Amino acid sequence: DQQVKQNSPSLSVQEGRISILNCDYTNSMFDYFLWYKKYPAEGPTFLISISSIKDKNEDGRFTVFLNKSAKHLSLHIVPSQPGDSAVYFCAAARMDSSYKLIFGSGTRLLVRP
Amino acid sequence: EPEVTQTPSHQVTQMGQEVILRCVPISNHLYFYWYRQILGQKVEFLVSFYNNEISEKSEIFDDQFSVERPDGSNFTLKIRSTKLEDSAMYFCARTTGGSPLHFGNGTRLTVT
């Protein structure tokens, strides 16, 4: 049951450049989307979210874009820093479903100095 | 924002034994959750807990699992008879409602 998919298991970018992480979903009932960052041996850390009534949300170096018609969202990190190296998880939820998050499989980002 | 505290950080148990994983959220949190991540796999929802009751649970959360908040503070996940496939990182999460889920650092459960 892959309702949330992250098709790129890994991404490598140069420090200072843009990192673009992608996520697709299949359930049109999802109306809230989040990105989490995870380091080994730690829990997921919330980064940024977007509700389905918006198509863009920005917080500092992080911007999330939502394309509802394509059921696609992306996370842009500009400029990328070595400390951004981690696994990034996309998650989706229905606001009427007790905040149950459905996670993607994650993308490992490596930012090279 | 204060983190959720989970104990223990690592639990090793033998197959068939009972384990209790603990989570200490901030007292004004309303919604509590358990998720798990088997090594190399995605983070999976187990159960949500609101107003001292289970509000939703996944297919994974079978009769071997239970949750409670016995003293109004600690939020616990009990696995009655552990199996090898229960080996995973178990994450507690919480929200006040209307805010994103925030996760603890997890308990690594190893069943031998």
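Here is what the cut-offs are and how they apply
Residues numbered from 1 in each chain as written. Chains lettered and ligands numbered in written order. Predicted model: local features only at pLDDT ≥ 70, side-chain atom pairs only at ≥ 80, totals over all residues. Heavy atoms only, no water. Pairing = 2+ DSSP bridges. Helix = DSSP H or I, 4+ residues; strand = E, 2+ residues; numbered from the N terminus. Disulfide = S-S within 2.5 Å. Buried < 20%, exposed > 50% of the residue type's maximum accessible area, 1.4 Å probe, protein only. Contact = heavy atoms within 4.5 Å. Buried area = accessible area lost by both parts, 1.4 Å probe. Polar contact = N/O pair within 3.5 Å; in protein donor to acceptor, adjacent residues only side chain to side chain. Nonpolar A, V, L, I, M, F, W, Y, C, P; charged D, E, K, R; others polar. pLDDT = per-residue confidence, 0-100. Axes fitted to C-alpha atoms, helices over the stretch in contact; angles between N-to-C directions. Phe/Tyr/Trp six-rings, centres within 6.5 Å; stacked < 30°, edge-to-face > 60°. Core = buried A, V, L, I, M, F, W, Y, C linked by side-chain atoms within 4.5 Å.

With that settled, the discussion passes to the pairing of strand E7 (residues 65-68) of chain B. All names here are of chain B. Across 4 bridges, the pairing between E7 and strand E8 (residues 75-79) is antiparallel. From the neighbouring strand, Ser-66 faces E8, where its bridge partner is Lys-78. Hairpin connection from E7 to E8: 6 residues lie between these consecutive antiparallel strands, with Gly-72 at a positive phi of about 75 degrees.

Turning our attention to the state of the cysteines. Tallying each qualifying case throughout the model produces 2 disulfides over all chains. Each sulfur in the disulfide pair Cys-23 of chain A and Cys-90 of chain A lies 2.0 Å from the other. Residues Cys-23 of chain A and Cys-90 of chain A are joined by a disulfide whose S-S torsion is about -65 degrees; by sign, that bridge is left-handed. Here the residue Cys-23 of chain A occupies a position in strand E3 (residues 19-25), and Cys-90 of chain A occupies one in strand E9 (residues 86-93), the gap between them amounting to 67 residues. Note on accessibility: Cys-23 of chain A and Cys-90 of chain A belong to one class, buried. Sulfur-sulfur distance for the disulfide between Cys-23 of chain B and Cys-92 of chain B comes to 1.9 Å. Residues Cys-23 of chain B and Cys-92 of chain B are joined by a disulfide whose S-S torsion is about -65 degrees; by sign, that bridge is left-handed. Pair noted here: Cys-23 of chain B is in strand E3 (residues 19-24) and Cys-92 of chain B is in strand E9 (residues 88-95), with a separation of 69 residues, a long-range link. The pair Cys-23 of chain B / Cys-92 of chain B is uniform in exposure class, with both members buried.

Between chain B and chain A, the residue contacts involve 19 residues of the former and 20 residues of the latter. Together, the buried faces of chain B and chain A total about 1700 Å²; carbon and sulfur atoms form 59% of this surface. Our count for the chain B to chain A interface comes out at 4 residue pairs in polar contact (both at pLDDT 80 or more). Those elements that place two or more of their residues in the side of chain B that touches chain A are strand E4 (31-37), strand E5 (43-50), strand E6 (53-57) and strand E10 (102-103) of chain B. Among the residues forming the side of chain B that touches chain A, the class breakdown is 8 nonpolar, 9 polar and 2 charged.

Counting all residues, the mean pLDDT for chain B is 89, and 93% of those residues have values of 70 or more. For chain B, per-element mean pLDDT is lowest for E10 of chain B, which scores 90, and highest for strand E11 (residues 107-111) of chain B, which scores 97.

Right, let's get into the sheet that holds strand E1 (residues 4-5) of chain A. Residue and element names in this part refer to chain A. Across the sheet, 5 strands lie side by side as E1-E3-E8-E7-E6; this open sheet has antiparallel pairing. Since the sheet does not close on itself, it has two edges, and those belong to E1 and strand E6 (56-59), each with one partner. Here 6 bridges tie E3 to strand E8 (residues 72-77), and the two strands are oriented antiparallel to one another. Residue Ser-19 lies in a different strand from E8, and its bridge partner there is Ile-77.

Time to look at the sheet that holds E7 of chain B. Backbone-to-backbone hydrogen bonds pair the strands of a sheet. The strands run either parallel or antiparallel. Residue and element names in this part refer to chain B. A sheet is described by the order of its strands in space; here 4 strands give the open sequence E1-E3-E8-E7, paired in antiparallel fashion. In this open sheet, the two edge strands, each paired with only one partner strand, are strand E1 (5-7) and E7. For this sheet the average axis-to-axis angle between neighbouring strands, irrespective of direction, equals 15 degrees.

Let us look at the packing of aromatic side chains. In this description, an aromatic ring pair is defined by two values, namely the gap between the centres and the angle between the planes. Per the counting criterion, the structure on display carries 17 aromatic pairs over all chains. On the basis of an interplanar angle of 85 degrees and a centroid distance of 5.9 Å, the ring pair of Phe-103 of chain A and Tyr-35 of chain B is categorised as edge-to-face. Here Tyr-35 of chain B lies in strand E4 and Phe-103 of chain A lies in strand E10 (residues 102-103), a pairing that spans two chains. In this pair, the class of Phe-103 of chain A matches that of Tyr-35 of chain B, namely buried. An angle of 25 degrees between the planes, with centres 5.8 Å apart, marks the rings of Trp-34 of chain B and Phe-75 of chain B as stacked. With Trp-34 of chain B in strand E4 and Phe-75 of chain B in strand E8, this pair connects stretches of sequence that are 41 residues apart.

Core analysis: the largest hydrophobic core is formed by 24 residues, its most contacted members being Phe-33, Trp-35, Leu-73, Leu-75 and Tyr-88 of chain A. Where this core is concerned, the elements lending two or more residues are E3, strand E4 (32-38), strand E5 (45-51), strand E7 (62-67), E8, E9 and strand E11 (107-112) of chain A. Among the elements that take part in this core, E9 of chain A stands out by supplying 4 residues, more than any other. Counting residues in hydrophobic clusters, the runner-up holds 21 residues, among them Trp-34, Leu-46, Phe-75 and Tyr-90 of chain B.

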